[in-house]
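Fold and contact review
Residue-level listing of the chains:
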Amino acid sequence: MTTSNPTFTPGSQSGGAVKKRRRGLSMEHGVLYIIVAILAVVFMFPFFWTMMSSLKSIQEISKFPPVWIPETLQWGNYNKTLTIVPFMLWSYNSIFVVTLSTLGTVLSASLVAYSFARFRYRGRDVIFMITLGTMMLPAQVTLIPQFILFHKLGWINTLYPLWLPAWFGGGAFAIFLLRQFILALPKDLDEAALIDGASYFRIFWQILLPLCKAVVATIAVISFIGSWNDFVNPLIYLQLPEKFTLAVGLNYFKNQPEMGGEPTQHLLMAASVMVILPVILLFFATQRYFVQGIVLSGIKG
Amino acid sequence: MAAITSPSTVYQQPRVGILARMAGAKSKMESNEAKWGYIFLLPWLIGLIVFWIGPILMSAYFSVMEYDVLSPPEWVGIANYTRAFTGDKQFWPSLARTFNFSIIVVPLSIFGSLFLAILLNQKLKGTNIFRTIFFLPHLTPAVALAVLWVWLFHPSIGPINTLLGFIGIEGPGWLTSKYWAMDALIIVSLWAGVGGNTMLIFLAGLQGVPQELLEAAEIDGAGRWAKFHNVTLPMISPTLLFNLVLGVIGALKVFTLAFVATQGGPSFSTWFYALHIYQQAFAYFRMGYGSALAWIFVLILLTFTYVQLYSSKRWVYYAGE
């Protein structure tokens, strides 16, 4: 992004006109700032309310009119949440699934993209077109047969259905993005290494993959967030609470309004905060890659 | 590379095996390349067959069967489809509800996203912070989103009705009222969606509008609206089409939000089509009927996408052509 100075346009205008224009623009900026600031408050308010609710006491949570900021911040709510539901177990399951599916997506998609981008063989372009076609298909169609497949394999109430498919190519979007990226790299690199006697796999692993770091990071972040936020798949495959990931665990917790005779709304809010926070932190750490990935997908489409 | 391989083709041909020739290789080197190409493709080839092509075929097969997973499937012909159209009390209503939802959410969120993108494109200081703030709802897991909005919409002690109370309005029951639950879900969808991918893609589109075109229009005396209408809008129309197609598909697929926030209720007022498929297939284990519903859904999505792409010839401008 180039940063230009929007308030001043050098030209043949007289000093007075420039001044006038400048004042007009800065007033306009003021109005814009007010609009953007109001919108920012609207967008942030639900988060603020959730955060505050998670720090209220049982009395404060159900008071009317509602308490905006709790008198003393009940950080103990978070501790209590970890024990009232198997939150640690759910977190472990989520981390397990997310790690394996992200790793699988990155490794297998880049290998497949390398094949599409650099090798010539019969059927390659047809298979690539079919690959792109899978992006158009809604998940509902494949969901039922996949469920039956995993059911026959005896994998209901296991985590396999949630991460194993990622190791078989990682999906069309990841393959597509990586292929475009590898196509843009000069082919001389591969050829020089090939003449020096490097194997194809070594060319991929030691030459191309390091050059793809940025796009691999993009895919890793998108895959991480997609897998962390996934609800439908764990909902279908996991029925035992001790197998839940955080997404379905939170839904399960939500459907238990009382536990041990006490309202748990404030604890539910604490659980929500703990489910949301990791994705937001990850986003802050990797914002550049993330935004780039979205934008790339939009421009290519 | 070509200079090396082509003359040797004649000599090498007999040594290339039958598999290599099937792969389209003429020389040993090309056959080696093809072999490794296939090896690296293999994970996806398996994935494509096991998780995509196989399931698509099986889904079509199940849609003419009655199947509850436990006993073997039984042929029923088109009975599943006729049942959907004539014998299922929730088929048409759930479809109508889904369209109803989409018809409001899609235009509002496209308009809202474009508005936010234009605001962010004014090069105000701190744009990055605002972009992040607008984007955060989109990152939030849909379950958490639903959970926290149920709390915000709480009829008696929720902050929304409290704020409405300050200005003298008695707030409705929102998610607990069958007249308001749909509106509440629309509000949540807009909050979650306008600052997301759609906005970022618009922003990229706006930044791709050539500055010299805008300046030329300005010199010709175009005002702000004229510049937007005659320069910016045509230039970003491909982006608009892309967002529209994805927006329609996304809205028609609405599931998690309704499933968690209202379970389709109260009294079916937010029972969307995707919930109906889920219930038939995974609560009642009617895999055959569920597959038929899924195929009807695919045809609807494809029709919408096709109509949009077809009509786009009239209103999308491609600068490259």
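Reading guide: rules and limits
- Residues numbered from 1 in each chain as written.
- Chains lettered and ligands numbered in written order.
- Predicted model: local features only at pLDDT ≥ 70, side-chain atom pairs only at ≥ 80, totals over all residues.
- Helix = DSSP H or I, 4+ residues; strand = E, 2+ residues; numbered from the N terminus.
- Buried ≥ 20, exposed ≤ 12 C-beta atoms within 10 Å, placed from the backbone.
- Contact = placed C-beta atoms within 7 Å.
- Nonpolar A, V, L, I, M, F, W, Y, C, P; charged D, E, K, R; others polar.
- Domains from an automatic or database assignment.
- Expected span 1.5 Å × (residues − 1).
- Core = buried A, V, L, I, M, F, W, Y, C linked by C-beta atoms within 7 Å.
- Axes fitted to C-alpha atoms, helices over the stretch in contact; angles between N-to-C directions.
- Parallel < 35°, antiparallel > 145°, perpendicular 65-115°, else oblique.
- pLDDT = per-residue confidence, 0-100.
- Left-handed = near helix turned anticlockwise from the far one by under 90°.

**Structural notes on the overall build of chain A**
When helices and strands are counted, chain A shows 14 helices and two strands. Taking all 301 residues of chain A together, the buried fraction comes to 40%.

**Let's talk about the environment of Gly195(B)**
Position of Gly195(B) relative to the elements: it lies in the loop between α9 (181–193) and α10 (197–207). With 29 C-beta atoms packed within 10 Å, Gly195(B) lands in the buried category. Distance in space between the C-alpha atoms of Gly195(B) and Val64(B) is 42 Å, their sequence separation being 131 residues. Setting aside residues up to four positions removed in sequence, Gly195(B) forms contacts with Phe43(A), Leu116(B), Phe134(B), Phe135(B), Pro137(B) and His138(B).

**Description of the interface of chain B and chain A**
The partner chain A presents 73 residues to the 74 residues of chain B that form the contact. With 21 residues, helix α3 (residues 28–62) of chain B is the single largest residue contributor to the side of chain B that touches chain A. Its residues assigned to classes, the side of chain B that touches chain A shows 55 nonpolar, 16 polar and three charged.

**Looking at the domain arrangement of chain A**
Residues and elements named next belong to chain A. Entries for chain A in the domain assignment read domain 1 (15–76) and domain 2 (82–300). Taken together, the contacts link eight residues of domain 1 with eight residues of domain 2. Breaking the side of domain 1 that touches domain 2 down by element, the ones donating at least two residues are α1 (15–54) and α2 (58–61). Looking at which element gives the most residues to the side of domain 1 that touches domain 2, the answer is α1, with four residues.

**Some points on helix α8 (residues 172–183) of chain A**
Residues and elements named next belong to chain A. Between its first and last C-alpha, α8 extends 16 Å over 12 residues, near the 16 Å set by a 1.5 Å rise per residue. Summarising burial for α8: 10 of the 12 residues are buried, a large majority. Along α8, the residues that are buried comprise Ala-172, Phe-173, Ala-174, Ile-175, Phe-176, Leu-177, Leu-178, Arg-179, Phe-181 and Ile-182.

**Considering the domain arrangement of chain B**
Many descriptions give the size of an interface as the accessible area lost when the pieces come together. In terms of domains, chain B is made up of domain 1 (2–62) and domain 2 (82–315). Each of domain 1 of chain B and domain 2 of chain B was reduced to a C-alpha centroid, and the two centroids are 43 Å apart.

**Here we look at the nonpolar core**
Counting 150 residues, the largest nonpolar core has Ile175(A), Leu178(A), Ala146(B) and Leu257(B) as its most contacted members. It is helix α4 (residues 87–118) of chain A that contributes the most residues to this core, 12 residues altogether. Leave out the neighbours within four places in its chain, and Leu178(A) touches Ala109(A), Ser110(A), Ala113(A), Cys212(A), Val215(A) and Ile219(A).

**Things to note about helix α7 (residues 142–152) of chain B**
Most of α7(B) sits out of view: 11 of its 11 residues are buried. Within α7(B) the residues assigned to the buried category are Ala142(B), Val143(B), Ala144(B), Leu145(B), Ala146(B), Val147(B), Leu148(B), Trp149(B), Val150(B), Trp151(B) and Leu152(B).

**Some words on unusual backbone geometry**
That bond from Gly265(B) to Pro266(B) is cis: its omega, -10°, falls within 30 degrees of zero. Checked against the element boundaries, Pro266(B) lands in the loop between α14 (256–261) and α15 (273–283). The phi dihedral of Asn157(A) is positive, around 65°, even though this residue is not glycine. Mapping Asn157(A) onto the fold places it in the loop between α6 (139–152) and α7 (160–163). Located in the positive-phi region is Val69(B), a residue other than glycine, with phi close to 75°. Looking at where Val69(B) falls in the secondary structure, it is placed in the loop between β1 (65–66) and β2 (74–75).

**Here we look at the packing of α10(B) against helix α13 (residues 237–252) of chain B**
All names here are of chain B. In contact at an axis separation of 10 Å, α10 and α13 are set at 170° when each is read in the N-to-C sense. On the basis of their axis angle, the class for α10 and α13 is roughly antiparallel. In contact with Thr-198, Ile-201, Phe-202 and Gly-205 of α10, α13 contributes Thr-239, Phe-242, Asn-243 and Gly-247. Of the residues in the contact of α10 with α13, the class split is three nonpolar, five polar and no charged.

**Remarks on the environment of Trp167(A)**
Looking at the secondary structure, you find Trp167(A) in the loop between α7 and α8. Dropping the residues within four chain positions of it, Trp167(A) is found in contact with Gly104(A), Ser108(A) and Pro43(B).

**A few points about the confidence of the model for chain A**
Residues at a pLDDT of 70 or more form 89% of chain A, whose mean pLDDT is 86. Overall, residues 1–15 of chain A carries pLDDT values under 50, and its contacts beyond four positions in sequence, including any with other chains, amount to six contacts.

**A few points about the packing of helix α5 (residues 91–120) of chain B against α9(B)**
Residues and elements named next belong to chain B. Across the interface, α5 lies against α9 with an axial gap of 10 Å and an inter-helix angle of 30°. On the basis of the axis angle, α5 is roughly parallel to α9. For the element pair α5 and α9, the recorded crossing hand is right-handed. Contacts between α5 and α9 involve Phe-101, Ile-104, Val-105, Leu-108, Ser-109 and Gly-112 from the first element and Met-182, Ile-186, Ser-189, Leu-190 and Gly-193 from the second. Broken down by class, the residue content of the contact of α5 with α9 amounts to seven nonpolar, four polar and no charged.

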